[in-house]
Amino acid sequence: MATVLVIDDNSSVITALELLFALHGIDTVGATTPDAGVVRMMRGDIDLVIQDMNFDADTTSGDEGAELFQRLHAQWPDVPIVLLTAWTELERAVELIKAGAADYVGKPWDDHKLLATINNLLELSEARRELARSARVARERRASLSREHDLRGVVYADDATERVLSLAVQVARSPLPVLITGPNGSGKEKIAEILHANSGRNGPFVAVNCGALPSELIEAELFGAEAGAYTGANKAREGRFEAADGGTLFLDEIGTLPAAGQTRLLRVLETGRFTRLGSTRERSVDVRVLSATNADLPAKIRDGSFREDLYYRLNTIELRLPPLAARPADILPLARHFLGADRMLSADAERALLRHRWPGNVRELRNIMQRAGLLSTNQVVDAATLDLPEVDNLVDTQEIPADEIVRALRDHHGVIAQAAAELGLTRQSLYRRMERLGIPRR
């Protein structure tokens, strides 16, 4: 049962409200002076305050009510305060609304309107407390994750990112291969670094971008080569598997690995043994293999360009890193991180960052913030300095299924801004779609 504190020097007002609220499941306590009201607040368990604007029979200025409001609001900013006003105090009440009062109710009040106001405020207050509680729990959970594991300085605030990080540190000590999937620029290599940092392996972390190597050199790059094994190989060289012995080998853009390289990689994963190019001597290594791709590997399997047996070897554990637009709570923390501690973002810059769809993901955000830091002559970086492209008008006309909108709203606990960012929409566009499709606002 919610508890309302009524502060009014007229005890009949307190009694009337006690009777009215009791009929509707609301507990009421009263105080006849401002000081008594503050003392009662200190005992706790008050969900909402209704306060008079005057406590002296010869005063109609509202000064006493304003002073009481300021005392209460300063100490208990999350508790809604409703002002009881006469018409002579209306202007003062409006000023206090701007200062943070929840609402005002004129004397004499209408019971139905007053109850509707109080119930709405109590529901809103409960929702805010629950949101604050959830945010506090999330902060504590993230702090614990950072204390207990080496997250390599990753900056994040979104639940979707936290789920990936939690799973990563959970499987980090396993010797099994991990496949990290996600779009380009989303931070897959950072996840690989976190896996290695928490693996307990003492060897090095060796990264190879398979897409950046000529196909004829990939085998030599991975497995090494003896002198004369290919044109230009004047001396023997060790490959990345040997370099990563005792540690972790990260194969980025694994979907670009040619057929011959796939076959040899599969054998190493199965046996832990390989031969250098141009050699017949087998070598063995203790390497944990991590791989990453932005490609649709099942589709590549269907068209014959990727081995199915290799896919299942690599994909013993899969970590799916969502695009930046699908983890909107990460955008501003990352932006501030890339901008640096000596610069700030203006409110319009923050709105522009949240509105942008980030096709280039974290890499695009980093580049934009670093450029803005160089170009800005002010401590506060505004939207004009960011120079983000306007939101494409086509976004507003694209069709998004109702179930996709419902899922996004559910995943983001009804927060419209976050759901809209994931769907690539403005908040206004999402509201219009919800209205058209009959999806209720929470």
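Residues numbered from 1 in each chain as written. Predicted model: local features only at pLDDT ≥ 70, side-chain atom pairs only at ≥ 80, totals over all residues. Heavy atoms only, no water.

## A word on the pattern of salt bridges
(1) Moving on: By the definition in use, this model includes 25 salt bridges.
(2) Moving on: Between Arg133 and Glu130 there is a salt bridge whose closest N-O contact spans 2.8 Å. Note that Arg133 and Glu130 are positioned in helix H5 (residues 111-148) at a spacing of three residues, about one turn of the helix.
(3) Moving on: One salt bridge in this structure joins Glu282 and Arg273, with 2.9 Å as the shortest N-O distance.
(4) Moving on: Overall, the relative accessible area of 32% leaves Arg273 in the partly exposed class. (Salt bridge = Lys/Arg side-chain N within 4 Å of Asp/Glu carboxyl O. Helix = DSSP H or I, 4+ residues; strand = E, 2+ residues; numbered from the N terminus. Buried < 20%, exposed > 50% of the residue type's maximum accessible area, 1.4 Å probe, protein only.)

## Looking at the sheet that holds strand S1 (residues 3-7)
The strands making up a sheet associate through backbone hydrogen bonding, with each pair oriented either parallel or antiparallel.
(1) Moving on: The strand order S2-S1-S3-S4-S5 describes an open sheet built from five strands, whose pairing is parallel. Both edges of this open sheet fall to strand S2 (27-31) and strand S5 (103-106), since each of them pairs with a single strand only. Averaged over all pairs of adjacent strands, the angle between their axes in this sheet comes to 20°, without regard to strand direction.
(2) Moving on: Of the pairings in the sheet, the one linking strand S3 (residues 48-52) to strand S4 (residues 81-85) comprises four bridges and is parallel in character. Among the inter-strand pairings, Asp52 is bridged to a residue of S4, identified as Leu84. (Pairing = 2+ DSSP bridges. Axes fitted to C-alpha atoms, helices over the stretch in contact; angles between N-to-C directions.)

## Section: helix H8 (residues 215-223)
(1) Moving on: Buried residues of H8: Ile218, Ala220, Glu221, Leu222 and Phe223, and no others.
(2) Moving on: Tucked into the core, H8 has its buried residues touching strand S7 (205-209), helix H9 (240-243), strand S8 (248-252), helix H10 (259-271) and strand S9 (273-275). (Contact = heavy atoms within 4.5 Å.)

## Section: the pairing of strand S11 (residues 288-293)
(1) Moving on: With six of six residues buried, S11 lies mostly within the body of the structure.
(2) Moving on: Burial along S11 is two-sided: Arg288, Leu290 and Ala292 and Val289, Ser291 and Thr293, pointing in opposite directions, are all buried.
(3) Moving on: The pairing of strand S6 (residues 178-181) with S11 spans four bridges and is parallel. When the sheet's bridge partners are listed, Leu179 is paired in S11 with Ser291.

## Focus on the nonpolar core
(1) Moving on: Core analysis: the biggest nonpolar cluster contains 27 residues, and Phe241, Leu251, Ile254 and Leu265 have the highest contact counts within it.
(2) Moving on: Among the secondary structure elements, those contributing two or more residues to this core are S7, H8, S8, H10, helix H11 (297-302) and helix H12 (308-314).
(3) Moving on: Counting residues per element, this core draws most heavily on H10, at four residues.
(4) Moving on: Beyond its immediate chain neighbours, meaning those up to four positions away, Phe241 contacts Leu222, Phe223, Leu249, Leu265, Val268, Phe274, Val285, Val287 and Val289. (Core = buried A, V, L, I, M, F, W, Y, C linked by side-chain atoms within 4.5 Å.)

## Looking at helix H1 (residues 11-22)
(1) Moving on: Along its twelve residues, H1 runs 16 Å from first to last C-alpha, staying within 8% of the 16 Å computed at 1.5 Å per residue.
(2) Moving on: Listed in full, the buried residues belonging to H1 are Val13, Ile14, Leu17, Leu20 and Phe21. Burial along H1 is one-sided: seen end-on, the buried residues are contained in an arc of 130°. Those residues of H1 that are exposed and aimed more than 90 degrees away from the buried face are Leu19 and Ala22.
(3) Moving on: Elements in contact with the buried residues of H1: S1, S2, S3, S4 and H5. (Expected span 1.5 Å × (residues − 1). Arc of directions from axis to C-beta.)

## A few points about the packing of helix H13 (residues 331-339) against helix H15 (residues 361-375)
(1) Moving on: Two elements in contact, H13 and H15, have axes whose closest approach is 8 Å; the angle formed by their N-to-C orientations is 45°. With respect to H15, the element H13 is oriented oblique. Where H13 crosses over H15, the handedness of that crossing is right-handed. Contacts between H13 and H15 involve Ile331, Leu334, Ala335, Phe338 and Leu339 from the former and Val362, Leu365, Arg366, Met369, Gln370 and Gly373 from the latter.
(2) Moving on: When grouped by side-chain class, the residues that make up the contact of H13 with H15 number eight nonpolar, two polar and one charged. (Parallel < 35°, antiparallel > 145°, perpendicular 65-115°, else oblique. Left-handed = near helix turned anticlockwise from the far one by under 90°. Nonpolar A, V, L, I, M, F, W, Y, C, P; charged D, E, K, R; others polar.)

## Quick notes on the sheet that holds strand S12 (residues 317-320)
(1) Moving on: Read from one edge of the open sheet, five strands run S7-S8-S11-S6-S12, paired in parallel fashion. With one partner strand each, in any of the chains shown, S7 and S12 form the two edges of the open sheet. Mean inter-strand twist for the sheet, computed between neighbouring axes without regard to direction, equals 20°.
(2) Moving on: Relative to S8, S7 is paired through five bridges, and the arrangement is parallel. The residue of S8 that forms the bridge with Val206 is Leu249.
(3) Moving on: Together, S6, S11 and S12 form the strand contacts of helix H6 (residues 159-171), whose direction differs from that of S12 by roughly 155°.

## Some points on the packing of aromatic side chains
(1) Moving on: By the definition in use, this model includes five aromatic pairs.
(2) Moving on: Taking the centre distance of 6.2 Å and the plane angle of 40° together, the rings of Phe241 and Phe274 count as tilted. In this pair, Phe241 sits in helix H9 while Phe274 sits in strand S9, placing the two residues 33 residues apart along the sequence. The same class applies to Phe241 as to Phe274, namely buried.
(3) Moving on: With a centroid separation of 5.2 Å and an interplanar angle of 70°, the aromatic rings of Tyr311 and Tyr312 are classed as edge-to-face.
(4) Moving on: You can call Tyr312 exposed: its relative accessible area is 52%.
(5) Moving on: Here the aromatic residues Phe223, Phe241 and Phe274 are joined through ring pairs into a cluster of three or more. (Phe/Tyr/Trp six-rings, centres within 6.5 Å; stacked < 30°, edge-to-face > 60°.)

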